[in-house]
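Coordinates in review
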Amino acid sequence: MIMKSRLNRTLLLAALACLASGCAMQPPQAWEKGNLARKEMTMDADPLDQAFTQHIYFSKESASGGYGVGGGGCGCN
């Protein structure tokens, strides 16, 4: 029983330490931003996959321009 409460207390303290360290994160410095600008860090790193997704969107919606544009394929805005 004592070991279980000690384990729970240790896990609680570890969780609180992780939570507190997450709040202390600093924004990236100027010399670190080069790593964030790499192609691998983007959501659409694969140009072939992005072109395939755009083709599917164009085929389903009968509209060009991709995401985030107003209007649809019916001509209404």
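Residues numbered from 1 in each chain as written. Predicted model: local features only at pLDDT ≥ 70, side-chain atom pairs only at ≥ 80, totals over all residues. Heavy atoms only, no water.

So, on to the overall build of the protein chain. Helix and strand content of the protein chain: three helices and zero strands. Buried residues in the protein chain amount to 3% of all 77 residues. For the protein chain, the accessible surface area stands at approximately 7,000 Å², while carbon and sulfur atoms represent 64% of it. (Helix = DSSP H or I, 4+ residues; strand = E, 2+ residues; numbered from the N terminus. Buried < 20%, exposed > 50% of the residue type's maximum accessible area, 1.4 Å probe, protein only. Areas by Shrake-Rupley, 256 points an atom, 1.4 Å probe, with all protein chains shown as cover.)

On the surface, a nonpolar cluster with roughly 410 Å² of combined accessible area is contributed by Leu12, Leu13, Leu16 and Leu19. Overall, the relative accessible area of 52% leaves Leu13 in the exposed class. (Patch = residues over 30% accessible without salt bridge, like charges linked within 9 Å, V, L, I, M, F, W, Y side chains within 5 Å. Salt bridge = Lys/Arg side-chain N within 4 Å of Asp/Glu carboxyl O.)

With that settled, the discussion passes to the confidence of the model for the protein chain. Looking at the protein chain as a whole, the pLDDT averages 74, with 68% of positions reaching at least 70. Within the protein chain, the lowest mean pLDDT, 79, falls on helix 1 (residues 2–23), and the highest, 84, falls on helix 2 (residues 33–36). (pLDDT = per-residue confidence, 0-100.)

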